[in-house]
Each structure stands twice: as C-alpha cells, then as structure tokens.
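Coordinate inspection notes
Each chain, letter by letter, is given below.
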Amino acid sequence: MKFSHSKLLNSFSNLTHAFTTRESGNLAFHVNDNEAHVIKNHESLAEKLGYNKESLVHMKQIHSDIVHVVKDEDFNTCPTCDALITNKPNTPLMVMVADCSPILFYESEKKVIAAVHAGRQGAFKNIVKNTVESFINHFNCEAKNLHVSIGASIGVCCYEVGVEIYNEARTLGLEYALDIRDEKYYLDVNKILKSQLLTCGIKEENIEFLNKCTCCNTDKYFSYRAEGQTGRFAGVIFLN
Ligand SMILES: [Zn+2]
C-alpha cells in the first residue's frame, strides 16, 4: 500500500491528496538518508499524484504554531513553519511526519487548502486555531465549510510522556487527553486536535481520522518513537 486516501477529501473532484506510507519511501532530506533516493521518492510521488515536483512546497518544521501563506518565491525555498495555506491551483503542499499528526484541510466554498504538522507541541500551542484563523482572515473562509483529514500518527496506546508533560497538559486544561496505565502517563494528541477543531466551529462530520498508530504499525509507517533514526512519510494536497 503506497497511499491512503481520505474518503472525505476524495469527494471533491477539484482536489488531489494522499497520505504516503513506508512503501512510498522516505521523503525527508534531513534524516541522513541518501539524497538521490529521497529525490527519487519525490519524483515517483509527483508522477503518481500528477503534479510537477518543482511546484511542491514543503516546510522546515519546528514544532511551532506558525502558519505560512504560500507566496510565489516559496517554490525554491522551504519556509520555516508548521502550516502551509494557499488558494493557488497546482501548488501541492506537503507535511512530513513520523509520529506527529499530518493534517490536511480543505475549504470547499472559497477553495483553499492547508497542510499542517501537529505533534504534542503543535497541539499544546494550538496550531489548529491559528490555521483556521488564517483561512478566515486571509481568505474570507468560513469554518463550517472546512473539511479536515488527519493521517496516521502515534496513538495513546504508545505515546508515553514524562511527568513534566503530564503536568503541562493539566495546566493547559487538557486532562481529558491524558491516560494513566501501570503508573505511566500517556497522551492522546488526536483527542486534543479534535477538540480544537470542534472549538473552531468545524462540523464533527467534516473531521476524519485515519486512526492508525504509527508506533504500532512500523511495517506501514515511519515512527520516531519506535525506531529513533528513521524516515518521514507525508500528507500532500493540491487544487487541480
Ligand atoms: Zn500504538
């Protein structure tokens, strides 16, 4: 299986998207992989999804809450941020992950897309809220027209955290996303993301989770927690 697709996003004919898997290969240049292999993986993905690889915009992800509105000059650079948003057609946006949640957004009236990287830090900083505000403020979108798909990420089954993170989550009012098993602390990042999406006014029926744990499924996905040094898979989306 090279890709998984969102049923929700597949229902829009002017949109192409995919979540890649381990079989699609590593897509990140910063993880000590052979650069020629990474370029080949990008070429193969561009060909399969039908975009020009030069038109892809990806990010230097820093676990921030920074949302970047794509500009023409971004095609040769790699903006430092954790969310990309655009209404430009034929401009694929990519988020790379190995345990963090890859989130793809589509606003169906104004035809605007976003790709977002949200791990524990992005969830604590509420990058979801900044992204939705960017849809509204930059593109006159409405939250009720947003459709959101979240790909594979580390589940509460595997995401053990230390007491300091547990306490930080409690301070932020995120008790509902904490789990204690055998005197160990676990965090459910997707539960936080879902709550934040709903608070932003996104309809529950417009939110979809793939619900696959990367750490439990290293045959299909890359997992930093399970493997340490590893590759990155991606969520990619563009307007045709
Ligand atoms: Zn798991």
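Criteria and cut-off values
Every chain's residues receive numbers from 1 upward, in the order its sequence appears when written. Under the rules for a predicted model, residues below a pLDDT of 70 receive no local features and side-chain atom pairs below 80 are neither given nor counted, while totals for whole chains, interfaces and linings still include all residues. Secondary structure elements follow DSSP: runs of H or I of four or more residues count as helices, runs of E of two or more count as strands, with numbering from the N terminus. Two things to know: the radius of gyration comes from C-alpha atoms, and the globule rule equals 2.2 Å times the number of residues to the power 0.38. Every C-beta atom is placed from the backbone, and the number of other C-beta atoms within 10 Å of a residue's own sets its class: buried at 20 or more, exposed at 12 or fewer, partly exposed in between. Note on contacts: each residue gets a C-beta atom placed from the backbone, and two residues are in contact if those atoms are within 7 Å. One bridge is not enough; two strands pair if DSSP finds at least two bridges between them. The span one expects for a helix is its residue count, reduced by one, times 1.5 Å. Think of a nonpolar core as buried Ala, Val, Leu, Ile, Met, Phe, Trp, Tyr and Cys residues chained together by C-beta atoms that fall within 7 Å. Only the stretch in contact is used when fitting a helix axis, every axis being a line fitted to C-alpha atoms; angles between N-to-C directions are given from 0 to 180 degrees.

1. What to know about the overall build of the protein chain
Looking only at helices and strands, one finds seven helices and 13 strands in the protein chain. In terms of overall size, the protein chain behaves like a compact globule, its C-alpha atoms giving a radius of gyration of 17 Å where 240 residues would be expected to give roughly 18 Å. Among the 240 residues that make up the protein chain, the fraction classed as buried is 41%. Expressed as a percentage of contacts within the protein chain between residues at least 6 apart in sequence, the contacts between residues at least 24 apart total 64%.

2. Some points on the pairing of strand β10 (residues 178-181)
It is a general feature of regular strands that their side chains alternate between the two faces of the sheet. Where β10 lies against strand β11 (residues 184-187), four bridges are found, and the strand directions are antiparallel. Counted as the bridge partner of I180 is Y185 from β11. In textbook terms, the turn of a hairpin is the stretch between consecutive antiparallel strands, and for β10 and β11 this stretch comprises two residues, one of which, D182, has a positive phi near 50°.

3. Quick word on unusual backbone geometry
A positive phi angle is found at N90, which is not glycine, with a value near 55°. With respect to the element layout, N90 can be found in the loop between β4 (83-86) and β5 (93-97). N90 sits in the exposed class, given 12 other C-beta atoms within 10 Å. We note that N140 has phi near 55°; this positive angle belongs to a residue other than glycine.

4. Looking at helix α2 (residues 35-49)
Structural remark: α-helix, 3.6 residues per turn; residues separated by three or four positions point the same way. When the terminal C-alpha atoms of α2 are compared, their 21 Å separation across 15 residues agrees well with the 21 Å that a helix rising 1.5 Å per residue should span. Positive backbone phi, approximately 85°, marks G50, located one or two places after α2.

5. Some details on the nonpolar core
Core analysis: the largest hydrophobic core is formed by 61 residues, its most contacted members being L84, L93, F105, A114, A115 and V116. Among the elements that line this core, the one with the most residues is strand β7 (residues 112-118), at six residues. Ignoring sequence-local partners within four residues, the contact set of V116 consists of D82, A83, V95, I103, F105, I127 and T131.

6. What about the sheet that holds β11?
Here three strands make up an open sheet; going across it, the order is β9-β11-β10 and the pairing antiparallel. Two strands bound the open sheet, and with one partner strand each, they are β9 (160-161) and β10. For β9 and β11, the ladder comprises two bridges, and the chain directions are antiparallel. Across the sheet, V161 pairs through a bridge with Y185, a residue of β11. Most of the contacts of helix α5 (residues 163-171) go to β11, to which it runs at about 50°, and overall it touches β9, β10 and β11.

7. A word on the pairing of β5
In terms of burial, β5 is a largely internal element, five of the five residues being buried. Where burial is concerned, the two faces of β5 agree: the one with L93, V95 and V97 and the one with M94 and M96 are both buried. As defined by bridge partners, β5 adjoins strand β13 (residues 233-239) across five bridges and the pair is classed as antiparallel. From the neighbouring strand, L93 faces β13, where its bridge partner is I237.

8. Quick look at the sheet that holds β13
Strand pairing in a sheet relies on backbone hydrogen bonds. The paired strands run either parallel or antiparallel. Strand order in the open sheet formed by four strands is β1-β2-β13-β5, with antiparallel pairing between adjacent strands. With partners counted over all chains shown, the strands left at the sheet margins are β1 (3-4) and β5, one partner each.

9. A word on the environment of K40
Along the chain, K40 turns up in helix α2. With 15 residues separating them in the primary sequence, K40 and G25 have C-alpha atoms 9.1 Å apart.

10. Remarks on the environment of E204
Within the secondary structure, E204 is located in the loop between α6 (189-199) and β12 (207-209). Taking the number of C-beta atoms within 10 Å as the measure of exposure, E204 has 8 and is therefore exposed. The sequence separation of E204 and H147 amounts to 57 residues, and the corresponding C-alpha distance is 9.5 Å.

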